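What follows is each chain in one-letter form.
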Amino acid sequence: MGKVAGIGLRSPHLAEIGRDRPATAFLEIHAENYLAGSPALQAVERLRADYAFSVHAVGLSLGSAEGLDAAHLARVAALVKRLEPAYVSDHLSWSVSGGRYFNDLLPLPYTEEALDVVVRNVVQLQDALGRQVSIENPSCYLGFAHSTLSEPEFLDALVRRSGCGLLLDVNNIVVTAHNLRLDPRAWLSGLPAAAITQYHLAGHAVNDSDGEPILIDDHGSRVGDGVWTLFEDVVRCYGVRPTLVEWDTDIPALPVLLEEAARADQVVQGVGRDAVRAA
Amino acid sequence: MPFALPDLQAAFAAHLAGEERGELIAAVIGDSIPAAARLRVYRHHVQHSLASALAATFPTVQALVGDDFFRALARAFVVRTLPCQPVLAEYGAGFADFVADHEPARTLPYLADVARLDWALNTAFHAAPAPALTPAMLAAVEAERLPSLGLRLSDGVLLVRSEFPIDRIWAASQPGASLEQVDISSGGADLLVMRRPDDAAFVPLAAGEAAFVASLDAGNPLADSAEAGLRADPSFDLSTGFARLLALGVFAAPQQ
């Protein structure tokens, strides 16, 4: 089996990847870092012949009740048209209100009202891009008392009503489940398997909230043991998908990132061997 | 009455900017980690991550004032001026003016101009490449049209003018630079900031060149701008100065 794991392409590694062209299943970029048409975008374009790309947006704010920012949507659409990436995604969250951008993946109440909003915005995004996008489960630090749906129920309804794909972030499941006192394996059961397009893996931090541990999705370390274990379950349950290792703060040397991706490939191969043995 | 999503997002936005919103706290499930503490995780991340974005855009300001002072300065700016769009490389347009008015920064009178230089370098770095005016294009213009010709700086080419020696302050603030003492009363600097293949850089201009460029970029024709250069510096030589600027490729090619 070939590689399924890709890595985030971050500016400290751009020159090294351009020179050495390390083997990896795909490269992921954050859309918002490449909208200004800077020299970095030209460097990415030079890599297109050798790598598949994932354009991962963080600022479309698909959960905003006020709707999408037309100017930002047009810039993301132009980037997608220019790079023709293999994958396009953003999050089940919001980050814009009253025309102000908060640079965070803010939580939604899981209600029918919010579902209508996200469906409308995702459909508008897919229409603008002329393709399916995948929506990622966020890391949550709080839940709203008036939510009437669970997060997996909300995602399932979103997939059915908008036709979007589902990007399963395994680290975010671990973080959210810990912080909101949920069972991660229960969270995982009953997702729309056919809609799952991609997995994400990342490290998280454990912070102290007045003596209580709270997990923070900081993408600033190696993937944690609990995330690896759950990833194995995910692959066993839903099958193999392109898998991204994300690392965005305290970015390590490139070989460390590639090691993490190699470990993801090993997990996938291990599950494959188990399946062959069982058959 | 359920909390309607537009109201919830407006209340959450106010919370992120530092306001206390009781109705929001009441809507969040708390347990051994109370609702207010859970909400503070988001406020902290928003303010911290945007301050980090400013640190990336204004590295020289940060080097001059130190991490702690910069964090406080940046957070004060963030709370007042959140981004209006998600491209963080374009966030911070008002930061230099904020620094100029910020009482605790008054002891460093050159700091706002250093912020302007950082912003110009950032803008130049992220500018999309565009064709520059070449001597050959200029040679194709009929001689009698030259005096009334208007020329603009390319997108991403910016003139930063200061009464302080911000070029030497900048150089002394770079990682690994020797701790040279810069006499801040040793005269000003006019810097033309531009993009190079792999980074952004600036070149110092003589007073006449700077006045010439500033006049052109304000929309004045070549003849008037040459006079502005001479008024600023009687020794300004138009052909030498213009040739140097053309060689730097800082003027935009005429639109077809």
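Residues numbered from 1 in each chain as written. Chains lettered and ligands numbered in written order. Predicted model: local features only at pLDDT ≥ 70, side-chain atom pairs only at ≥ 80, totals over all residues.

Let's talk about the overall build of chain B
Now for step 1: Across its full length, chain B carries 12 helices and 3 strands.
Now for step 2: Against the compact-globule benchmark of 18 Å for 256 residues, chain B has a radius of gyration of 23 Å, which places it well outside the compact range.
Now for step 3: Principal axes of the C-alpha set define a box for chain B whose edges measure 80 × 50 × 30 Å.
Now for step 4: Residues classed as buried in chain B amount to 38% of the 256 residues present.
Now for step 5: For chain B, the proportion of contacts with a sequence separation of at least 24, taken over those separated by at least 6, is 64%. (Helix = DSSP H or I, 4+ residues; strand = E, 2+ residues; numbered from the N terminus. Rg over C-alpha atoms; globule rule 2.2 N^0.38 Å. Buried ≥ 20, exposed ≤ 12 C-beta atoms within 10 Å, placed from the backbone. Contact = placed C-beta atoms within 7 Å.)

Overview of the interface of chain A and chain B
Now for step 1: Listed as interface residues are 38 residues of chain A and, on the opposing side, 41 residues of chain B.
Now for step 2: Only strand 5 (94-97), strand 6 (100-106), helix 4 (112-129) and strand 11 (212-216) of chain A provide two or more residues apiece to the side of chain A that touches chain B.
Now for step 3: For the side of chain A that touches chain B, the element with the most residues is strand 6 of chain A, which contributes 6 residues.
Now for step 4: Across the side of chain A that touches chain B, the residue classes break down as 16 nonpolar, 13 polar and 9 charged. (Nonpolar A, V, L, I, M, F, W, Y, C, P; charged D, E, K, R; others polar.)

A word on the sheet that holds strand 1 (residues 158-162) of chain B
All names here are of chain B.
Now for step 1: If you walk across this open sheet you meet the 3 strands as 1-2-3, and the pairing is antiparallel. Where the open sheet ends on each side, the last strands, each with one partner, are strand 1 and strand 3 (200-204). In this sheet, adjacent strand axes meet at a mean angle of 30° when their direction is disregarded.
Now for step 2: Sheet topology places strand 2 (residues 189-195) next to strand 3; 5 bridges connect them, and they run antiparallel. Across the sheet, the residue bridging to R195 is A200, located in strand 3. (Pairing = 2+ DSSP bridges. Axes fitted to C-alpha atoms, helices over the stretch in contact; angles between N-to-C directions.)

Examining the packing of helix 8 (residues 225-238) of chain A against helix 9 (residues 254-278) of chain A
All names here are of chain A.
Now for step 1: In the contact formed by helix 8 and helix 9, the axes pass within 10 Å of each other and the chain directions differ by 45°. The angle between helix 8 and helix 9 places the two elements in the oblique class. Considering the relative orientation of helix 8 and helix 9, their crossing is right-handed. Every residue of helix 9 that contacts helix 8 at W228, F231, E232, V235 and R236 is listed here: V267, V268 and V271.
Now for step 2: Taken together, the residues that form the contact of helix 8 with helix 9 break down as 6 nonpolar, no polar and 2 charged. (Parallel < 35°, antiparallel > 145°, perpendicular 65-115°, else oblique. Left-handed = near helix turned anticlockwise from the far one by under 90°.)

As for the environment of B:F95
All names here are of chain B.
Now for step 1: Within the secondary structure layout, F95 lies in helix 6 (residues 95-101).
Now for step 2: Classification of F95 by C-beta neighbours within 10 Å gives buried; the count is 24.
Now for step 3: A C-alpha to C-alpha distance of 11 Å links F95 and A55, two positions 40 residues apart in sequence.
Now for step 4: Beyond its immediate sequence surroundings of up to four residues, F95 is in contact with L54, F58, F77, A115 and W119.

Some thoughts on the nonpolar core
Now for step 1: Formed by 143 residues in total, the largest nonpolar core has its most connected members in A:V170, A:L201, A:V245, B:A115, B:A124 and B:V193.
Now for step 2: Per element, the largest residue contribution to this core is 10 residues, and it comes from helix 7 (residues 111-126) of chain B.
Now for step 3: Split by domain, the residues of this core number at least three in each of domain 1 (1-108) and domain 2 (128-256) of chain B.
Now for step 4: For A:L201, the residues in contact, after removing those within four places along its chain, are A:V170, A:N171, A:V223, A:V227, A:F231, A:T243, A:L244, A:V245 and A:A264. (Core = buried A, V, L, I, M, F, W, Y, C linked by C-beta atoms within 7 Å. Domains from an automatic or database assignment.)

Some thoughts on the sheet that holds strand 4 (residues 87-91) of chain A
Residues and elements named next belong to chain A.
Now for step 1: On the basis of which strands lie adjacent, the closed barrel formed by 8 strands has the order 1-2-3-4-7-8-9-12 and parallel pairing. Taking each pair of neighbouring strands and ignoring which way they run, the sheet shows an average axis angle of 30°.
Now for step 2: Two elements, strand 2 (residues 27-30) and strand 3 (residues 53-56), share 4 bridges in a ladder whose sense is parallel. Bridged to L27 within strand 3 is F53.
Now for step 3: Set on the sheet, helix 6 (residues 170-179) makes contact with strand 8 (165-169) and strand 9 (196-202); between it and strand 9 the angle comes to about 65°.

Examining the domain arrangement of chain B
Now for step 1: For chain B, the domain assignment lists domain 1 (1-108) and domain 2 (128-256).
Now for step 2: Inter-centroid distance (C-alpha atoms) of domain 1 of chain B to domain 2 of chain B is 36 Å.

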